[in-house]
Amino acid sequence: MGCNRNCGLIAGAVIGAVLAVFGGILMPVGDMLIEKTIKKEVVLEEGTIAFKNWVKTGTDVYRQFWIFDVQNPDEVTVNSSKIKVKQRGPYTYRVRYLAKENITQDPETHTVSFLQPNGAIFEPSLSVGTEDDTFTILNLAVAAAPQLYPNTFMQGILNSFIKKSKSSMFQNRTLKELLWGYTDPFLNLVPYPITTTIGVFYPYNNTADGIYKVFNGKDDISKVAIIDTYKGRKNLSYWSSYCDLINGTGSLRSSVIFHLSQKYAASFPPFVEKTRVLQFFSSDICRSIYAVFGAEINLKGIPVYRFILPSFAFASPFQNPDNHCFCTEKIISKNCTLYGVLDIGKCKEGKPVYISLPHFLHASPEIAELIEGLSPNEEEHSTYLDVEPITGFTLQFAQRMQINILVKPAKNIVALKDLKHNYLVPILWLNETATIADEKAEIFRNQVTGKINLLGLIEMILMSVGAVMFIAFTISYCACRLKNAK
């Protein structure tokens with residue numbers, strides 16, 4: 001009887017030890033299996049989950065616009081007063097709904113090249129008005145003319161066309177005209193072969209962005225979605241990409257630039273760490289931007305890391321020397337000491353275009369001192385990406401940006417001759433955004449986070465139950481042996 005009892009206790013202790021050891025072994029083995037599966041599915045090749053969502057995103061991506069409607073155009077033109085603006089919006093378009101084209105895999109370099117078609121569909125139900133809503137905005141052609149043609153003689157000629165077309169510093173345009181293009185009456189009179197259609201995003205519809213060539217991650221998963229070349233330029237570095245594009249030089253240094261034109265694919269390599277700096281390229285502004293870890297949040301039951309665009313990205317070259325390429329105007333920028341705006345004119349054919357965060361968030365106070373009606377705040381105007389850290393998938397994002405035009409006094413241009421100040425005029429700001437749909441979030445929870453959590457739970461149960469059994473049966477066995485000895 002004593003032998004049977006002792007044997008049972010020993011067997012129980014052994015079983016407990018086996019369970020505990022098995023639970024411990026399951027941890028690295030399970031992690032290895034998860035890692036193997038994820039590395040397989042995030043490769044950009046036919047048949048993977050990442051590739052399917054990368055070719056054509058199954059989640060709606062929207063681009064919202066807020067237009068700065070000028071309230072006192074005559075006061076500004078005649079008296080050089082402060083510009084009073086009133087924000088109107090959002091006006092929403094669905095974008096990035098077209099599948100990538102000319103997808104070509106290169107097995108030797110482990111890259112995939114493609115074109116990204118552009119298209120925008122107006123969404124009335126998500127907008128405050130229609131595409132025919134009218135705004136008083138800066139006259140883009142008149143404002144740019146003296147900066148594109150600084151020669152006095154040329155300005156005199158252009159001025160005659162401006163006067164003949166009855167153009168002024170400001171104009172009334174519909175939303176559709178402002179965004180996608182209109183025939184400018186001033187430019188239409190110029191007897192030279194120039195583009196007479198202008199718009200903030202003209203041309204856009206029925207065009208394509210690229211050619212991009214990105215690594216597919218087949219040979220090295222840490223390189224998945226990293227841009228190898230853009231329009232033939234190799235090794236776009238974080239800041240040198242802009243210098244390369246505007247100066248036509250070779251690459252200055254290599255870096256890690258990701259392609260984010262289609263979200264919800266392998267936006268970043270898997271197993272994202274909080275210390276990582278996420279860098280991604282935007283062809284709209286001819287540059288790469290970066291985001292740093294901000295917080296852990298829960299998105300529809302999925303734990304994600306929120307990466308935010310830091311104010312340092314828009315710092316002056318004195319604060320951030322990497323921004324030297326974005327300061328080409330020394331007087332207005334006070335010898336490049338002002339911060340919060342970046343000059344992208346060189347990649348916009350010399351037009352005086354500046355980008356900033358909406359409402360000049362994080363910009364020098366001097367930047368907006370001649371503009372009334374702005375209310376910058378972090379919650380509405382910052383840029384962020386919510387990345388699921390295990391897969392590297394971007395499940396939610398908001399990319400926010402403001403388009404501004406620099407206007408200078410020009411004594412030879414009648415529409416600008418009475419100005420006494422240099423104005424950085426905000427035209428509009430946009431928010432390109434998307435969030436994983438509820439049904440896709442449920443699928444993600446079931447197929448990814450749910451299975452990972454279940455595996456972790458099983459591991460903990462095996463180790464806990466095994467440890468308790470081993471300790472309990474071992475103590476009982478020792479107690480029995482002691483009792484028998486007495």
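Since the model is a prediction, treat every value here as computed from it, not as a measurement. (Residues numbered from 1 in each chain as written. Predicted model: local features only at pLDDT ≥ 70, side-chain atom pairs only at ≥ 80, totals over all residues. Heavy atoms only, no water.)

*Asks:* What's the story with the overall build of the protein chain in this structure? I'm lost.
*Replies:* Of the regular secondary structure elements, the protein chain holds 10 helices and 22 strands. Within the protein chain, the proportion of its 486 residues that are buried is 50%. Considering only contacts within the protein chain whose residues lie at least 6 apart along the sequence, 66% involve residues at least 24 apart. When the accessible area of the protein chain is evaluated, it comes to approximately 22600 Å², of which 57% is carbon and sulfur surface. (Helix = DSSP H or I, 4+ residues; strand = E, 2+ residues; numbered from the N terminus. Buried < 20%, exposed > 50% of the residue type's maximum accessible area, 1.4 Å probe, protein only. Contact = heavy atoms within 4.5 Å. Areas by Shrake-Rupley, 256 points an atom, 1.4 Å probe, with all protein chains shown as cover.)

*Asks:* I tried to follow the side chain of Ser167 on my own but got confused; where do I start?
*Replies:* Here Ser167 shows up in the loop between helix 5 (152–164) and strand 7 (170–174). In contact with Ser167, other than residues within four places in its own chain, are Asn139, Val142, Ile162, Pro185, Phe186 and Ala415.

*Asks:* Where do I start with the pairing of strand 10 (residues 208–215) in this structure?
*Replies:* For a regular strand, the rule is simple: side chains alternate between the two faces of the sheet. Across six bridges, strand 4 (residues 111–117) lies against strand 10 in antiparallel orientation. Each bridged residue has a counterpart across the sheet, and for Gln116 the counterpart in strand 10 is Asp209. (Pairing = 2+ DSSP bridges.)

*Asks:* Sorry if this is basic, but what is going on with the nonpolar core here?
*Replies:* If you look at soluble globular proteins, the nonpolar side chains tend to sit buried side by side. One finds Ile83, Tyr93, Leu138, Phe186, Val407 and Leu428 to be the most contacted residues of the largest nonpolar core, which totals 86 residues. Ranked by residues supplied to this core, first place goes to strand 22 (residues 423–435) with eight residues. Setting aside anything within four residues of it in sequence, one finds Phe186 in contact with Ala141, Val142, Ala145, Leu158, Phe161, Ile162, Ser165 and Ser167. By size, the runner-up hydrophobic cluster in this structure holds 26 residues, among which are Ile38, Val214, Val304 and Val448. (Core = buried A, V, L, I, M, F, W, Y, C linked by side-chain atoms within 4.5 Å.)

*Asks:* Honestly, the packing of aromatic side chains in this entry has me stumped. Any pointers?
*Replies:* Aromatic ring pairs are described here by two measures, namely the spacing of the ring centres and the angle between the planes. With the rule as written, the count across this model stands at 16 aromatic pairs. An angle of 85° between the planes, with centres 6.3 Å apart, marks the rings of Phe65 and Trp180 as edge-to-face. Residue Phe65 is found in strand 1 (residues 61–70), and its partner Trp180 is found in helix 6 (residues 175–180); the two are separated by 115 residues along the sequence. A single burial state applies to Phe65 and to Trp180, both of which are buried. Look at Trp66 and Trp429: their rings are 4.0 Å apart centre to centre, the planes differ by 5°, and that puts the pair in the stacked class. In this pair, Trp66 is assigned in strand 1 and Trp429 in strand 22, connecting sequence segments 363 residues apart. (Phe/Tyr/Trp six-rings, centres within 6.5 Å; stacked < 30°, edge-to-face > 60°.)

*Asks:* Explain a nonpolar patch on the surface to me, please; I cannot follow it from the model alone.
*Replies:* Nonpolar side chains collect at one region of the surface, where Leu148, Tyr149, Tyr192 and Ile194 lie side by side and expose about 350 Å² of accessible area between them. As for its position among the elements, Ile194 is in the loop between helix 7 (185–189) and strand 9 (197–198). What makes Ile194 partly exposed here is its relative accessible area of 32%. (Patch = residues over 30% accessible without salt bridge, like charges linked within 9 Å, V, L, I, M, F, W, Y side chains within 5 Å. Salt bridge = Lys/Arg side-chain N within 4 Å of Asp/Glu carboxyl O.)

*Asks:* Would you take a moment to explain the confidence of the model for the protein chain for this structure?
*Replies:* Detailed reading of predicted coordinates is not advised where the pLDDT is low. Summarising the model, the protein chain shows a mean pLDDT of 82, and 80% of its residues fall at 70 or more. In the model, residues 237–266 has pLDDT below 50 throughout and makes 127 contacts with residues more than four positions away in sequence or in other chains. (pLDDT = per-residue confidence, 0-100.)

*Asks:* I'm lost on the pattern of salt bridges in this one. Help?
*Replies:* Counting across every chain of the model gives 10 salt bridges. Put simply, Arg63 and Glu432 hold a salt bridge, and the shortest N to O gap is 2.6 Å. Residue Arg63 is located in strand 1, and its partner Glu432 is located in strand 22; the two are separated by 369 residues in the primary sequence. Residue class for Arg63 comes out buried when judged on its relative accessible area of 2%. What makes Glu432 buried here is its relative accessible area of 2%. With a shortest N-O distance of 3.3 Å, Asp418 and Lys417 are connected by a salt bridge. One salt-bridge network, in which partners are shared between bridges, spans Arg63, Arg96 and Glu432.

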